[in-house]
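A look at the structure
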Amino acid sequence: MSNQGAPFSQGSAETGETVASFTQYEGAQKAVSALIAAEVPAKEIAIVGAGLRSIERITGRLGYATAARSGAINGLMLGVLFSFIFVLGAPTVQIQAFVGVLLVGIAIGMLLNILMFSIVRRRRDYASVMQVVADHYEVKVAPTSVHRARAALGTAPTVARPASAAPRSDAPPRYGERITPGTPSPQTPPVEGPATPGSQPGQDDARA
């Protein structure tokens, strides 16, 4: 089966761009629902779990009694299946045959489970459930729909405005500006008066 024409190729999730990131899988699911509601093509969306790790949760200790009980439940289900097949093949069969098939199924299930436990009990004498979890989940979208996806989720990048220049400390205070007490006011450079006609620099010093 060919993947030509699909927006994501093999390893497709890595070819898209991240539009949102969540610590819980439920958050990623809600984001995907919002993208689909915004008419982003579903085939261009992927959820990528990053930091995958497996967790094995121990549910209990195994023993012959536990193995027999588990085998009996499995055998009962198997017996019910064979009983229905037997009844469909011979509708006039008596109820005793139906019960007998159930009992045989339970016995076979118990026997097989006890036999299997006796083989593996030296390596594993406990029951567990394996689970794969991720540190966080990223919602990725194909490049052709990135702008629409970011607009739908409100994660469009904002353009940073340049910071305004700080006012010079040596500028005189403007009208209405409050000056903090104890702060030295900026000094205004002295304005020299017009020179007296006919006078030259240094004459007053010479007369003195």
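The structure displayed is predicted, hence computed values, not measured ones.

Looking only at helices and strands, the chain features 5 helices and 5 strands. Helices (α) and strands (β) of the chain occur, in sequence order from the N terminus, as β-α-β-β-α-α-β-β-α-α. Looking at the chain as a whole, 19% of its 208 residues are labelled buried. Considering only intrachain contacts with a sequence separation of at least 6, the fraction spanning at least 24 residues in the chain is 82%. Only carbon and sulfur atoms are counted for the fraction: they give 59% of the accessible area of the chain, which is about 16,400 Å².

Right, let's get into the UniProt feature "transmembrane region" (unreviewed entry) in the chain. Per the UniProt entry, the sites bearing "transmembrane region" (unreviewed entry) are residues 71-91 and 97-120 in this numbering. Between the first and last C-alpha atoms of residues 97-120 the distance is 35 Å; the span itself is 100% helix and 0% strand.

Turning our eyes to something else, we now look at the sheet that holds strand β2 (residues 45-50). The strands making up a sheet associate through hydrogen bonds between their backbones, and the pairing can be parallel or antiparallel. Ordered in space as β1-β5-β2, the 3 strands form an open sheet in which the pairing is antiparallel. Where the open sheet ends on each side, the last strands, each with one partner, are β1 (17-22) and β2. For this sheet, the mean inter-axis angle between neighbouring strands, taken without regard to orientation, is 30°. Helix α4 (residues 146-153) contacts β1 and β5 (136-141) of the sheet and is inclined by roughly 25° relative to β1.

A few words on the pattern of salt bridges. Between side chains of opposite charge, a pair can form as their charged atoms come close. In this structure the tally under the stated criterion is 3 salt bridges. Put simply, Arg150 and Glu17 hold a salt bridge, and the shortest N to O gap is 3.7 Å. A residue pair is termed long-range when its members are at least 10 positions apart, and Arg150 in helix α4 and Glu17 in strand β1 qualify at 133 residues. Between Glu138 and Lys140 there is a salt bridge, and its shortest N-O distance comes to 3.5 Å. Each of the two residues, Glu138 as well as Lys140, counts as buried.

This part takes up the nonpolar core. Residues Val19, Leu35, Val40, Ile45, Val139, Val141 and Ala149 are the most contacted members of the largest nonpolar core, which totals 13 residues. Counting residues per element, this core draws most heavily on helix α1 (residues 25-37), which supplies 4 residues.

Its 13 residues place the ends of α1 19 Å apart at the C-alpha level, agreeing with the 18 Å of an ideal helix rising 1.5 Å per residue. For α1, every residue scored as buried is listed here: Gly27, Ala28, Ala31, Val32 and Leu35. Taken around the axis of α1, the buried residues stretch over an arc of 140°, which confines them to a single face. In this structure, α1 carries Lys30 and Ala37 as exposed residues pointing more than 90 degrees from its buried face. On its buried face, α1 is in contact with β1, β2, β5 and α4.

Where nonpolar side chains cluster on the molecular surface, the patch consists of Leu78, Leu81, Phe82 and Ile85 and spans about 380 Å² of accessible area. Here Phe82 lies in helix α2 (residues 64-89). Taking the relative accessible area as the measure of exposure, Phe82 reaches 46% and is therefore partly exposed.

Let us look at the confidence of the model for the chain. In low-pLDDT regions, the fine details of the predicted coordinates are not to be read closely. Averaged over every residue, the pLDDT of the chain is 74; residues scoring 70 or more account for 65%. Note on residues 1-5: pLDDT under 50 across the span, and 0 contacts to partners over four residues away in sequence or across chains. Confidence drops under a pLDDT of 50 for residues 9-13, and excluding neighbours within four residues, the segment shows 5 contacts in the predicted structure.

For the rest of this paragraph, the subject is the packing of aromatic side chains. Pairs of aromatic rings are described using the distance from one ring centre to the other and the angle between the two planes. In the structure shown here, the tally under the stated rule is 2 aromatic pairs. Centroid distance Tyr25 to Tyr137: 5.4 Å. Interplanar angle 70°. Geometry classified as edge-to-face. Within this pair, whereas Tyr25 is found in helix α1, its partner Tyr137 is found in strand β5, the two being separated by 112 residues in sequence. Residue Tyr25 is classed as partly exposed on the basis of its relative accessible area of 36%.

How each quantity is defined
- Residues numbered from 1 in each chain as written.
- Predicted model: local features only at pLDDT ≥ 70, side-chain atom pairs only at ≥ 80, totals over all residues.
- Heavy atoms only, no water.
- Helix = DSSP H or I, 4+ residues; strand = E, 2+ residues; numbered from the N terminus.
- Buried < 20%, exposed > 50% of the residue type's maximum accessible area, 1.4 Å probe, protein only.
- Contact = heavy atoms within 4.5 Å.
- Areas by Shrake-Rupley, 256 points an atom, 1.4 Å probe, with all protein chains shown as cover.
- UniProt positions renumbered as here; feature names shortened; annotations may be inferred.
- Pairing = 2+ DSSP bridges.
- Axes fitted to C-alpha atoms, helices over the stretch in contact; angles between N-to-C directions.
- Salt bridge = Lys/Arg side-chain N within 4 Å of Asp/Glu carboxyl O.
- Core = buried A, V, L, I, M, F, W, Y, C linked by side-chain atoms within 4.5 Å.
- Expected span 1.5 Å × (residues − 1).
- Arc of directions from axis to C-beta.
- Patch = residues over 30% accessible without salt bridge, like charges linked within 9 Å, V, L, I, M, F, W, Y side chains within 5 Å.
- pLDDT = per-residue confidence, 0-100.
- Phe/Tyr/Trp six-rings, centres within 6.5 Å; stacked < 30°, edge-to-face > 60°.

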